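Commentary on secondary and tertiary structure
Here is what each chain is made of, one letter per residue.
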Amino acid sequence: MKIYTKTGDGGDTGLLGGGRVRKDDPRVAAYGQVDELCAVIGLALALEPPDFSRDALERIQRDLFTVGAELATPDPATLGKVLPGNPIGEPEIRALEGVIDAREAELAPLTNFILPGGIPKAAALHVARTVCRRAERAVVSLARGARVSPAIVQYLNRLSDLLFVLARSANAAGGRPDVKW
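Let us look at the structure shown here. (Residues numbered from 1 in each chain as written. Predicted model: local features only at pLDDT ≥ 70, side-chain atom pairs only at ≥ 80, totals over all residues. Heavy atoms only, no water.)

1. Here's the deal with the overall build of the chain
Helices and strands together make up the secondary structure of the chain, namely six helices and two strands. Each helix and strand of the chain, ordered N terminal to C terminal, gives the series β-β-α-α-α-α-α-α. What you see for the chain is a C-alpha radius of gyration of 18 Å, in line with the 16 Å of a compact globule of 181 residues. Across its three principal axes, the chain shows a C-alpha extent of roughly 50 × 35 × 30 Å. Looking at the chain as a whole, 43% of its 181 residues qualify as buried. Accessible area of the chain: about 9800 Å², with a carbon and sulfur share of 56%. Charged side chains of the chain number 23 positive and 22 negative; the gap between the two group centres comes to 4 Å. (Helix = DSSP H or I, 4+ residues; strand = E, 2+ residues; numbered from the N terminus. Rg over C-alpha atoms; globule rule 2.2 N^0.38 Å. Buried < 20%, exposed > 50% of the residue type's maximum accessible area, 1.4 Å probe, protein only. Areas by Shrake-Rupley, 256 points an atom, 1.4 Å probe, with all protein chains shown as cover. Lys, Arg positive; Asp, Glu negative; His and termini not counted. Charge placed at Lys NZ, Arg CZ, Asp CG, Glu CD.)

So, in structure tokens, the structure goes:
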């Protein structure tokens, strides 16, 4: 099977479970931004140190594939046929909170806004945080006119917090202090 199908050459794309929409549809924008977030996290994973939060970040990438599949499947009855596991829910959100709590306990308390940057891994995590916020806004926009699980918005909101904490943690591990605003 070839990677190109030519079915989207006219500006539309297929949804999971059937149906086609324009490529600039809010649903496509939302899952496209989640896909971009997953790729930016992959970039952060590729940077030194390679083992920094690897398990958590790879789990998040898997979760983001699930989020993307949920967003690309407008018919709830079809969702069970598309997902290899369960939809995003409370267990995944609690897992993010657990990592946040553990990492935050290792950091100096935050008393100022900080500038994004530092070591390359931290800078990439800051970029991932901003992409996450954009994806969250796209999902919220989609939810105004379509059925979207509230857990997805909660997950993305918590994930952006985690990415911020991980960026600070990466800088601390790399000996780079926070740069106050």
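2. A few points about a nonpolar patch on the surface
Taken together, F113, L115, V179 and W181 make up a surface patch of nonpolar side chains, about 520 Å² in accessible area. If you trace the backbone, L115 turns up in the loop between α4 (90–105) and α5 (120–145). (Patch = residues over 30% accessible without salt bridge, like charges linked within 9 Å, V, L, I, M, F, W, Y side chains within 5 Å. Salt bridge = Lys/Arg side-chain N within 4 Å of Asp/Glu carboxyl O.)

3. Section: helix α6 (residues 150–173)
Look at α6: 34 Å from first C-alpha to last across 24 residues, which is about the 34 Å you get at 1.5 Å a residue. At the C-terminal side of α6, G175 shows a positive phi close to 75°. (Expected span 1.5 Å × (residues − 1).)

4. Details of the packing of aromatic side chains
This model, assessed by the stated rule, comprises one aromatic pair. Here the aromatic rings of F113 and W181 are separated by 5.8 Å at their centres, their planes lie at 75°, and the arrangement is edge-to-face. Taken together, the residues span a long stretch of sequence, with F113 in the loop between α4 and α5 and W181 in the segment after α6 at a distance of 68 residues. In terms of burial, F113 and W181 fall into one category: exposed. (Phe/Tyr/Trp six-rings, centres within 6.5 Å; stacked < 30°, edge-to-face > 60°.)

5. Brief notes about unusual backbone geometry
Across the junction of E48 and P49, the peptide omega takes the value -10°, indicating a cis bond. If you trace the backbone, P49 turns up in the loop between α1 (26–46) and α2 (54–71). Here K6, not a glycine, exhibits a phi torsion of approximately 70°, which is positive. In this structure, K6 sits in the segment before β1 (12–14). Look at K6 and you get exposed, because its relative accessible area is 58%. With a phi close to 55°, S53 is a non-glycine residue in the positive phi region. Here S53 is to be found in the loop between α1 and α2.

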